[in-house]
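Commentary on secondary and tertiary structure
If you want the building blocks of each chain, they are given just below.
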Amino acid sequence: MNTSLSEEYSQLVKDIANGGEWTPERIAIYKRAMSHKASQEELRHDFVNGILPSVRDDFRKQVLERHNQLRNLHSNTNGVSLNVGLQEEAQAWANKLAADNTGLRHDSNRNGAGENLYYMNNSTLFAPTGAETTDVWYKEYKDYNFITGQSTNDGRPIGHFTQVVWKATTEIGAGIASDSNGKYYVCVRYRTAGNMFGQYVDNVKPTKPGAQVPT
């Protein structure tokens, strides 16, 4: 890496770590740095699976915060807390999905934990936020019948939504990874797992009166 780009990149890492915004200029530096990633050892040490550590950590915090905001919209539904073990497992699976680059698939060996996955192909190399990702899952509520505990629209997916607000779930952990082409893979693990047959009505509670849900 030439001296100029190295200095710009070092400043970028410091700025983002200190809460700086992803301005167009910083995104341009990030892209140029990423183009060197495969051959530049110093970049491989600074990036973790294509994500700056500060971006990854912010994403995890946003996922936890947004889950609790959305769960609070529902009656008799408590918040969730971070489980470091689940977070490590979720990160490991997101890493594998990014490395394999063959699309989304659930981990068949997750020790009974629930799992939500998300994929985004973003050519700008701009990572999704934890709130945006969680909202994508939550918006499946539009197809959920709180009385029957089933989909209202020809079996359209509801399982991501129901896992986000599953009453019995008390802990979560999130992971995010990317490849050099800007494809992002997200994994969130849940304990106790949701989406248990025959338990939907008891665990997916209606929204509180006046609750403002994402549209």
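Every residue gets a number counted from 1 within its own chain, in the order that chain's sequence is written. In keeping with the predicted nature of the model, local features appear solely for residues at pLDDT of at least 70, side-chain atom pairs appear and are counted solely at 80 or more, and the whole-chain, interface and lining totals rest on all residues. Each side-chain value is derived from all of the structure's non-hydrogen atoms; neither hydrogens nor water enter the calculation.

Some details on the overall build of the protein
To qualify as a helix, a DSSP run of H or I must reach at least 4 residues; to qualify as a strand, a run of E must reach at least 2; elements of each kind are numbered from the N terminus. Secondary structure assignment for the protein yields eight helices and six strands. When the helices and strands of the protein are placed in sequence order, the string is α-α-α-α-β-α-β-α-β-β-α-β-β-α. Only protein chains enter the accessibility calculation, which uses a 1.4 Å probe. A residue is then buried if its area is under 20% of the maximum for its type, exposed if over 50%, and partly exposed in between. Of all 215 residues assigned to the protein, the portion counted as buried reaches 44%. A contact between two residues is defined here by any heavy atoms of the two lying within 4.5 Å. In the protein, of all internal contacts separated by at least 6 residues, the share reaching a separation of at least 24 is 70%.

A short note on the packing of aromatic side chains
For this analysis, a ring pair means two rings from Phe, Tyr or Trp (six-membered ring only for Trp) whose centres lie within 6.5 Å, classed as stacked if their planes differ by under 30 degrees, edge-to-face if by over 60, and tilted for the remaining angles. Within this structure, the stated rule accounts for nine aromatic pairs. Measuring from centroid to centroid gives 5.4 Å for Tyr138 and Tyr141, while their planes differ by 45 degrees, and the two rings are tilted. Like Tyr141, Tyr138 is buried. In textbook terms, an aromatic cluster arises when at least three aromatic residues are bridged by ring pairs, as seen for Tyr138, Tyr141, Tyr144, Phe146 and Phe161.

Considerations on the sheet that holds strand β6 (residues 183-191)
Judged by pairing direction, the sheet is mixed, and its four strands sit side by side in the order β1-β5-β6-β2 without closing on themselves. Only two strands of the sheet have a single neighbouring strand rather than two, namely β1 (81-82) and β2 (114-121). Taken together, the two bridges between β1 and strand β5 (residues 171-178) define a ladder with parallel strand orientation. Following the sheet pairing, Leu82 is matched in β5 by Ile172. The axes are straight lines fitted to the C-alpha atoms, using for helices just the contacting stretch, and the angles between their N-to-C directions are given from 0 to 180°. Where helix α4 (residues 53-71) meets the sheet, it contacts β1, β5 and β6, and its direction lies at approximately 140 degrees from that of β5. Together, β1, β2, β5 and β6 form the strand contacts of helix α5 (residues 84-100), whose direction differs from that of β5 by roughly 25 degrees. At least two bridges found by DSSP between two strands is the condition for calling them paired.

Regarding the environment of Ile16
Mapped onto the fold, Ile16 is located in helix α1 (residues 3-17). Along the chain, Ile16 and Val55 lie 39 residues apart, while their C-alpha atoms are 7.7 Å from each other. In this view, Ile16 contacts Glu21, Trp22, Arg26, Leu52, Ser54 and Val55; residues no more than four positions away in its chain are not counted.

As for the nonpolar core
Most often, soluble globular proteins keep nonpolar side chains buried together rather than apart. Residues grouped as a nonpolar core are buried Ala, Val, Leu, Ile, Met, Phe, Trp, Tyr and Cys residues, joined through side-chain atoms within 4.5 Å. Counting residues in hydrophobic clusters, the biggest one holds 37 residues, and the most contacted among them are Tyr138 and Val188. When residues of this core are traced back to their parent elements, those giving at least two are α1, α2 (24-35), α4, β2, α6 (130-138), α7 (159-165), β5 and β6. If sequence neighbours within four positions are ignored, Tyr138 has contacts with Leu70, Leu73, His74, Phe161, Val164, Val165, Thr207, Val213 and Pro214. If you look at the next biggest cluster of nonpolar residues, it comprises nine residues, including Trp93, Ala94, Ala177 and Cys187.

Quick word on α2
Expected helix span is given by 1.5 Å per residue-to-residue step, counting one fewer step than there are residues. Given a rise of 1.5 Å per residue, twelve residues ought to cover 16 Å, and the 17 Å separating the end C-alpha atoms of α2 matches this to within 8%. Of the positions making up α2, those classed as buried are Ile27, Ile29, Tyr30, Ala33 and Met34. One side of α2 carries all its buried residues, which in axial view fall inside an arc of 160 degrees. Turned more than 90 degrees off the buried face of α2, the exposed positions are Pro24, Glu25 and Ser35. What the arc covers is the set of directions going from the helix axis to the C-beta atoms.

Regarding the environment of Glu8
In this fold, Glu8 is placed in helix α1. For the pair Glu8 and Ala33, spaced 25 residues apart in sequence, the C-alpha separation works out to 9.2 Å. For the purposes of these results, a polar contact is taken to be a pair of N or O atoms within 3.5 Å, where, inside protein, one atom must be able to donate a hydrogen and its partner to accept one; residues adjacent in sequence count only when each atom of the pair is a side-chain atom. Within polar-contact distance, the side chain of Glu8 engages the side chain of Arg32 at 2.4 Å.

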